[in-house]
Amino acid sequence: CDWSSDVCSSDLNGHAAGEDGWLLAGVGATYLYGFALDDGKAQETGIRATKAVTYSYVVSQLLLKSLTGRRRPLDSLSDGQPDGIRTRNPYDFGHVHAPQWNSDARDSSMPSFHFTMFFSVATVYSRMNDDAWWPYGLAAVGLASNVRGHHHWVSDMVAGALVGTAIGRVVTQSAVDDERL
């Protein structure tokens, strides 16, 4: 993203690059593995992870960011100057706006879409694999490499993780219930 301008120029190509690309490739590979080897559980995991990505986008990017309207933090909180997009005030909420399909930097800090997406997918993989811990470890590795580049308050990342976990739980609830029967 070009944070020096009002708009982050990442489109679908931008979202499919870097850590996002690895996450999406992993989800696709899970489904394809299941399809090729007739592994129904892997196919179901891939489908549910795809749903988690989609729901993360709708809930985080389109709904919650529009409603919270939180400004992003300045690069340097101590000596930076607020510019209408970034602020040093962590309580700068309420700039409600219409949903934005692209990643516009203006008033779109909370929750972090990336944390929402990564945690929703990690929750799907964890729950579909007997509550394994490794999906969260992979999510942490993927997110650690891009924390600095996404300009969020820590609370944006925590909110994204909580929202993502909830989405992952909702997406997998019927699968987990079916296994218990």
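Residues numbered from 1 in each chain as written. Predicted model: local features only at pLDDT ≥ 70, side-chain atom pairs only at ≥ 80, totals over all residues. Heavy atoms only, no water.

Novice: Describe the packing of helix α4 (residues 113-128) against helix α5 (residues 134-144), naming the residues involved and giving the relevant values.
Specialist: With their axes 8 Å apart at the nearest point, α4 and α5 run at an angle of 160 degrees to one another. As far as their axial angle goes, α5 and α4 are roughly antiparallel. Relative to α5, the crossing made by α4 is right-handed. Contacts between α4 and α5 involve His114, Phe115, Phe118, Phe119, Ala122, Thr123, Tyr125 and Ser126 from the first element and Trp134, Pro135, Tyr136, Ala139, Gly142 and Leu143 from the second. Classifying every residue of the contact of α4 with α5 gives 10 nonpolar, 4 polar and no charged. (Axes fitted to C-alpha atoms, helices over the stretch in contact; angles between N-to-C directions. Helix = DSSP H or I, 4+ residues; strand = E, 2+ residues; numbered from the N terminus. Parallel < 35°, antiparallel > 145°, perpendicular 65-115°, else oblique. Left-handed = near helix turned anticlockwise from the far one by under 90°. Contact = heavy atoms within 4.5 Å. Nonpolar A, V, L, I, M, F, W, Y, C, P; charged D, E, K, R; others polar.)

Novice: An account of the packing of aromatic side chains is needed here, citing residue identities and associated values.
Specialist: This model, assessed by the stated rule, comprises 5 aromatic pairs. Ring geometry for Tyr57 and Phe113: centres 5.8 Å apart, planes at 90 degrees, overall edge-to-face. Of this pair, Tyr57 sits in helix α3 (residues 40-68) while Phe113 sits in helix α4; the two residues are 56 residues apart in sequence, bridging distant segments of the chain. For Tyr57, a relative accessible area of 19% corresponds to the buried category. Given the relative accessible area of 7%, Phe113 is considered buried. With 6.2 Å between their ring centres and 65 degrees between their planes, Tyr125 and Trp134 make a pair best called edge-to-face. In this structure Tyr125 comes out as buried when scored by relative accessible area, which is 11%. Taken together, the ring pairs in this structure connect Phe115, Phe119 and Tyr136 into an aromatic cluster. (Phe/Tyr/Trp six-rings, centres within 6.5 Å; stacked < 30°, edge-to-face > 60°. Buried < 20%, exposed > 50% of the residue type's maximum accessible area, 1.4 Å probe, protein only.)

Novice: Quick one: what's the story with the packing of α3 against α4, residue by residue and with numbers?
Specialist: The interhelical angle for the contact between α3 and α4, taken along N-to-C directions, is 155 degrees, at an axis separation of 8 Å. Overall, the two elements α3 and α4 adopt an arrangement that is roughly antiparallel. Crossing geometry of α3 relative to α4 is assigned as right-handed. Mapping the contact onto sequence places Lys41, Glu44, Thr45, Arg48, Ala49, Ala52, Val53, Ser56, Tyr57, Ser60, Gln61 and Lys65 in α3 and Phe113, Thr116, Met117, Ser120, Val121, Val124, Tyr125 and Met128 in α4.

Novice: Describe in detail the pattern of salt bridges, supporting the description with residues and values.
Specialist: Applying the stated criterion across every chain, the model contains 3 salt bridges. In this structure, Asp156 and Arg70 form a salt bridge, with 2.6 Å as the shortest nitrogen-oxygen distance. Placement of Asp156 in helix α6 (residues 154-180) and of Arg70 in the loop between α3 and β1 (72-73) is noted, with a sequence separation of 86 residues between them. Across the pair, exposure class does not vary: Asp156 and Arg70 are buried alike. The partner of Arg71 in a salt bridge is Asp92, with the nearest N and O atoms 3.7 Å apart. Separated by 21 residues along the polypeptide, Arg71 in the loop between α3 and β1 and Asp92 in the loop between β2 (86-87) and α4 bring together distant segments of the chain. (Salt bridge = Lys/Arg side-chain N within 4 Å of Asp/Glu carboxyl O.)

Novice: With reference to specific residues and values, describe the side chain of Thr172.
Specialist: Considering the arrangement of structural elements, one finds Thr172 in helix α6. With relative accessibility at 0%, the residue Thr172 sits in the buried group. A distance of 2.8 Å separates a polar side-chain atom of Thr172 from the backbone oxygen of Gly168. (Polar contact = N/O pair within 3.5 Å; in protein donor to acceptor, adjacent residues only side chain to side chain.)

Novice: Hey, could you go over unusual backbone geometry for me, with residue numbers and the actual values?
Specialist: With omega at -10 degrees, the peptide bond leading from Met110 into Pro111 counts as cis. Take Pro111: it is sitting in the loop between β2 and α4. Residues other than glycine seldom take positive phi values, yet Asp38 does so here, at roughly 55 degrees. A residue is classified by how much of its surface remains accessible, and Asp38, at 68% relative accessible area, is exposed. The backbone of Asp131 shows a phi angle near 55 degrees, a positive value even though the residue is not glycine. The topology assignment puts Asp131 in the loop between α4 and α5. By relative accessible area, which is 59% here, Asp131 ends up exposed.

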